[in-house]
Amino acid sequence: MKKQAAHLQYDWWKYVVALLIPLILWCSVFSVLKKPKANERLHILFLGTGLNCQAVEQELTAYLQGNTAQKLKSVQVTMAEYDDENYANQLLAATYSYDIIIISENQMKDTVGQDYFFVLPGKLQSAEVKLYEETASDKTLPFGAVLFDGEQETIFGKYYSGTQICCAFISPQTVNLYPLNTESREGDNAAVIAWQWLMEKL
Amino acid sequence: MDYKKPYIRAVLWCVIPALLTAAINILCLALRTDENHNWMLVINVLTDWVCGAFLAYFTSCYVLPRKELYRLSCRRREEVQGAIDKVEQQPVRYERITCIAVYIGQRQLFAPEEITLPNEGENAVFSVAGNVILEVVG
């Protein structure tokens, strides 16, 4: 008993280490493993203020459940504002984490469409919704869609309480765009469905 | 007295549970699904806690002292002759070994708990390396 007491007096820290390391290590490993894969999540980013993200999330989740066979573990709508200094890096990083990016007027830069996104495929263009166009190589090309401009009544406008013009873009990295890009596997079309839902007229 | 074998035996007692724990950890990772995610996390943490506590105890009480004794036994030894005048009751840590301090004349030596000491006042020859009694010769 004396021996045990003596060793605890000197080596108590080993027990603390043995307690903390597995906890930190396994919690980190398991949180990485639990993170949904790119084709198991649909993330939308809104750059600006005044969007009821929770309501969009709930409505969109319910809509996707009935309209796509893709198995989604996470549907998330995030609102943020980027500062001018880190705008480029943050937006570039966002294209890797989000499937659809909606940018309000005060967060928009001149050539944001051609710098970070691709030309909107025909299937994602709607006759009822205005297109966001930019001139690239003497051609005017559609890079996004105008979701809100104070006039048109889209689903998005129902959850947006601001007054700024808002344009939506498809992330070039998304893997939920079947059959519109080669990165998406068959059936992974949640971004297409979500895009169409956002564009729906009220 | 052979100090190598007990040291190797103690190391093996640490390696075997560590390997078993690693095997359980890998198995839990392999069997992890979204449904049993939390259970597998709990199993992994608990097995590591048990193994970690065992290793902490076993290395402190057996592996490191035996390693130190083995290292000392390889060094040049001296023989100290005399009777034990006083034996301290409280164990102390000396060179990572839990020892009992004993006084032989003016000299303080440290006896690992495994060593059987003669009674106080009895004359004996002690094999000593680095102030640690490795053997009571006679």
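Residues numbered from 1 in each chain as written. Chains lettered and ligands numbered in written order. Predicted model: local features only at pLDDT ≥ 70, side-chain atom pairs only at ≥ 80, totals over all residues. Heavy atoms only, no water.

**Q** Outline the overall build of chain A, supporting the account with residue identities and numerical values.
**A** When helices and strands are tallied, chain A shows six helices and six strands. Starting at the N terminus and ending at the C terminus, chain A contains elements arranged as α-β-α-β-α-β-α-β-β-α-β-α. For chain A, buried positions account for 46% of its 202 residues. By sequence separation, contacts in chain A at least 24 residues apart represent 65% of the contacts at least 6 residues apart. Here chain A displays about 10700 Å² of accessible surface, and carbon together with sulfur accounts for 53% of that area. (Helix = DSSP H or I, 4+ residues; strand = E, 2+ residues; numbered from the N terminus. Buried < 20%, exposed > 50% of the residue type's maximum accessible area, 1.4 Å probe, protein only. Contact = heavy atoms within 4.5 Å. Areas by Shrake-Rupley, 256 points an atom, 1.4 Å probe, with all protein chains shown as cover.)

**Q** Let's hear about the sheet that holds strand S3 (residues 100-104) of chain A: which residues, and what values?
**A** Residue and element names in this part refer to chain A. Taken together, the six strands give an open sheet; going across it, the order is S2-S1-S3-S6-S5-S4, and neighbouring strands pair in mixed fashion. Two strands bound the open sheet, and with one partner strand each, they are strand S2 (74-80) and strand S4 (131-136). Shown here is a sheet whose adjacent strand axes are inclined to one another by a mean of 25 degrees, direction ignored. With four bridges joining them, strand S1 (residues 41-47) and S3 adopt parallel strand pairing. Residue Phe-46 lies in a different strand from S3, and its bridge partner there is Ile-102. (Pairing = 2+ DSSP bridges. Axes fitted to C-alpha atoms, helices over the stretch in contact; angles between N-to-C directions.)

**Q** Let's hear about the packing of helix H1 (residues 4-31) of chain B against helix H2 (residues 37-74) of chain B: which residues, and what values?
**A** All names here are of chain B. Put simply, H1 and H2 touch, their axes get as near as 9 Å, and they point 170 degrees apart. As far as their axial angle goes, H2 and H1 are roughly antiparallel. Considering how the two elements wind past one another, H1 and H2 form a crossing that is left-handed. Its residues assigned to classes, the contact of H1 with H2 shows 21 nonpolar, five polar and four charged. (Parallel < 35°, antiparallel > 145°, perpendicular 65-115°, else oblique. Left-handed = near helix turned anticlockwise from the far one by under 90°. Nonpolar A, V, L, I, M, F, W, Y, C, P; charged D, E, K, R; others polar.)

**Q** Describe the pairing of strand S4 (residues 107-112) of chain B, and please don't skip the residues or the numbers.
**A** Bridge analysis of strand S3 (residues 97-104) of chain B against S4 of chain B gives six bridges, and the strand direction is antiparallel. Bridge pairing links Ile-100 of chain B to Ala-111 of chain B in S4 of chain B.

**Q** Just give me the short version of unusual backbone geometry, but keep the residues and values in it.
**A** A cis amide bond links Tyr-178 of chain A with the next residue in sequence, Pro-179 of chain A, at an omega value of 5 degrees. With respect to the element layout, Pro-179 of chain A can be found in the loop between strand S6 (166-170) and helix H6 (190-199). Positive phi is not limited to glycine here, since Glu-95 of chain B has a value of about 50 degrees. Tracing the sequence through the fold places Glu-95 of chain B in the loop between strand S2 (92-94) and S3. Notably, Arg-96 of chain B is not glycine yet its phi reads approximately 65 degrees, a positive angle. Here Arg-96 of chain B lies in the loop between S2 and S3.

**Q** Can you break down the nonpolar core residue by residue, with the values?
**A** Core analysis: the biggest nonpolar cluster contains 36 residues, and Leu-51, Ile-102, Phe-156 and Trp-195 of chain A have the highest contact counts within it. Of the residues forming this core, the biggest block, nine residues, is contributed by H6 of chain A. Counting 22 residues, the second largest nonpolar core, distinct from the first, contains Cys-99, Ile-115, Ala-124 and Ile-133 of chain B. (Core = buried A, V, L, I, M, F, W, Y, C linked by side-chain atoms within 4.5 Å.)

**Q** Account for the interface of chain B and chain A, with residues named and values stated.
**A** Counting residues at the interface gives 28 residues for chain B, matched by 20 residues for chain A. For the pair chain B and chain A, the summed buried area comes to about 2300 Å², and 64% of that belongs to carbon and sulfur atoms. For chain B, the biggest contributors to the area lost against chain A are His-37, Trp-49 and Arg-93 of chain B; these three give 23% of the whole. Inspection of the region where chain B meets chain A yields two salt bridges. Elements with a minimum of two residues in the side of chain B that touches chain A: H1, H2 and S2 of chain B. It is H2 of chain B that contributes the most residues to the side of chain B that touches chain A, 17 residues altogether. In terms of residue class, the side of chain B that touches chain A is made up of 13 nonpolar, nine polar and six charged. (Buried area = accessible area lost by both parts, 1.4 Å probe. Salt bridge = Lys/Arg side-chain N within 4 Å of Asp/Glu carboxyl O.)

**Q** Now, about the pairing of S3 of chain B: what can you tell me, with residues and values included?
**A** Residues and elements named next belong to chain B. With seven of eight residues buried, S3 is to be regarded as a mostly interior element. With three bridges connecting them, strand S1 (residues 78-87) and S3 associate as antiparallel partners. Bridge assignment links Lys-86 to a residue of S3, and that residue is Tyr-103. Summarising the sheet, S2 and S3 pair through three bridges and their orientation is antiparallel. Across the sheet, Tyr-94 pairs through a bridge with Ile-97, a residue of S3. Hairpin connection, S2 to S3: the antiparallel pair is bridged by two residues, and Glu-95 has positive phi, about 50 degrees. Taken together, S3 and the strand that follows it, S4, pair antiparallel across an intervening segment of two residues, in which Gly-105 is found at a positive phi of about 65 degrees.

**Q** Residues and numbers for the side chain of Ser-171 of chain A, please.
**A** All names here are of chain A. The residue Ser-171 is located in the loop between S6 and H6 in this model. Take Ser-171: its relative accessible area is 0%, and that puts it in the buried class. Within the structure, Ser-171 has its side chain in polar contact with the backbone oxygen of Tyr-98 (distance 3.2 Å). (Polar contact = N/O pair within 3.5 Å; in protein donor to acceptor, adjacent residues only side chain to side chain.)

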